[in-house]
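Given next are the chains, with one letter for each unit.
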Amino acid sequence: MGNRVPITVPGIEEYAQAHTTADPDHLLGLAAETRESCDRPVMMVGPVEARFLQFFLYAQQPRRVLEIGTFTGYSALSMAEALPDGGHIDTCELSEKHAEIARRHIAASKYAYSVTVHVGPALETIRRLPGPYDFILLDADQAHFPDYLDPLLDRLSDGGFLAVDNVLWDGAVLDEADQQDSTRGVRLLNDTVASRPDLTCVMLTIRDGIMLIRRNRGGV
Ligand SMILES: C[S@@+](CC[C@H](N)C(=O)[O-])C[C@H]1O[C@@H](n2cnc3c(N)ncnc32)[C@H](O)[C@@H]1O
């Protein structure tokens, strides 16, 4: 990531989290193991975004969900809680180590049959996962964000939603001097989505930014 700028005034994120329903025990255990055994545990979406995703999924009732970027399974297990009966999540992860932790926690949870972890580069994995998916979360591989856009839109069901995490990239999107691949990837995705007449989007400043995208009915 590039030069960081504060996205919210100091203390606001902590205040929001303090006034958000806390994680259940199985997510607290997963988060604790992640903090102990993994680099960059901050990659977990955290309680505020997890509750937000759950509210969204409770309202949408998606039968099929696709996630790019499992990490240790925090967001997948959070979303699993909000699925309707028979709902299922396919989640894609590059790292064997991350996938092992995720699979273990998923297997020990009551969502063992609701979540499948696929290991490998996600752009290759999704060739085997044609969809359609009612909800897709893109939360990995920021340098290649633009490469995911059309393959993921192609996998959306009619009326489905694509959510992209980290669209503010710790504020680096505003710093034109930051030309790292990841920052450029995030900027290009944001600019492309916002300018496409066939899409409607909203960028929310929750945590590191999350963009919700849907295809317009009838194309435009
Ligand atoms: C930001 S973390 C995901 C966090 C997760 N959604 C959560 O809230 O716990 C991104 C994850 O994507 C994985 N990743 C990076 N590049 C990838 C790729 N090309 N394909 C699949 N996974 C990838 C990383 O190993 C990392 O575990």
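Thresholds, definitions, all that
Residues numbered from 1 in each chain as written. Predicted model: local features only at pLDDT ≥ 70, side-chain atom pairs only at ≥ 80, totals over all residues. Heavy atoms only, no water. Core = buried A, V, L, I, M, F, W, Y, C linked by side-chain atoms within 4.5 Å. Buried < 20%, exposed > 50% of the residue type's maximum accessible area, 1.4 Å probe, protein only. Helix = DSSP H or I, 4+ residues; strand = E, 2+ residues; numbered from the N terminus. Contact = heavy atoms within 4.5 Å. Pairing = 2+ DSSP bridges. Axes fitted to C-alpha atoms, helices over the stretch in contact; angles between N-to-C directions. Near = heavy atom within 4 Å. Polar contact = N/O pair within 3.5 Å; in protein donor to acceptor, adjacent residues only side chain to side chain. Areas by Shrake-Rupley, 256 points an atom, 1.4 Å probe, with all protein chains shown as cover. Nonpolar A, V, L, I, M, F, W, Y, C, P; charged D, E, K, R; others polar. Right-handed = clockwise from strand over helix to strand, strands pointing away.

Draft legend 1. Up close: the nonpolar core. Of all hydrophobic cores here, the largest spans 32 residues; its most connected members are Tyr-74, Met-79, Ile-89 and Phe-135. Elements that contribute at least two residues to this core include exactly α2 (25–37), α3 (46–60), α4 (74–81), α5 (96–108), β3 (115–119), β4 (133–138) and β7 (210–215). With 5 residues, α4 is the largest single contributor of residues to this core. With residues up to four places along the chain from it excluded, the contact list for Phe-135 reads Leu-53, Phe-56, Leu-57, Gln-60, Pro-62, Arg-64, Val-65, Leu-66, Met-79, Phe-161 and Ala-163. Counting residues in hydrophobic clusters, the runner-up holds 27 residues, among them Leu-138, Leu-152, Trp-169 and Val-173.

Draft legend 2. A look at the sheet that holds strand β1 (residues 64–68). With respect to topology, 7 strands assemble into an open sheet ordered β3-β2-β1-β4-β5-β7-β6, the strand pairing being mixed. Looking at the sheet topology across the chains shown, the edges are occupied by β3 and β6 (199–204). Across the sheet, the mean angle separating the axes of adjacent strands is 15° when strand polarity is ignored.

Draft legend 3. A look at the site of the ligand. Around the ligand, a shell composed of 20 residues is seen, among which Gly-69, Ser-75, Glu-93, His-98 and Asp-139 lie nearest. Separating an oxygen atom of the ligand from a backbone N or O atom of Val-45 is a distance of 2.9 Å. For the ligand, an oxygen atom lies 2.5 Å from a polar atom in the side chain of Glu-93. Protein chains bury 89% of the 610 Å² of accessible surface belonging to the ligand in isolation. Mapped onto the shell around the ligand, the elements with two or more residues apiece are α4 and β2 (88–93). A class-by-class count of the residues in the shell around the ligand yields 11 nonpolar, 5 polar and 4 charged.

Draft legend 4. Molecular detail of the pairing of strand β5 (residues 156–165). The buried fraction of β5 is high, at 7 of 10 residues. Relative to β5, β4 runs parallel, the two being bridged by 5 bridges. Each residue of the ladder has a partner; that of Phe-135, found in β5, is Phe-161. Crossover β4 to β5 through helix α7 (residues 145–154) is right-handed. In this sheet, β7 lies alongside β5 in antiparallel orientation, the contact comprising 4 bridges. Pairing of Leu-162 across the sheet is with Ile-213, part of β7.

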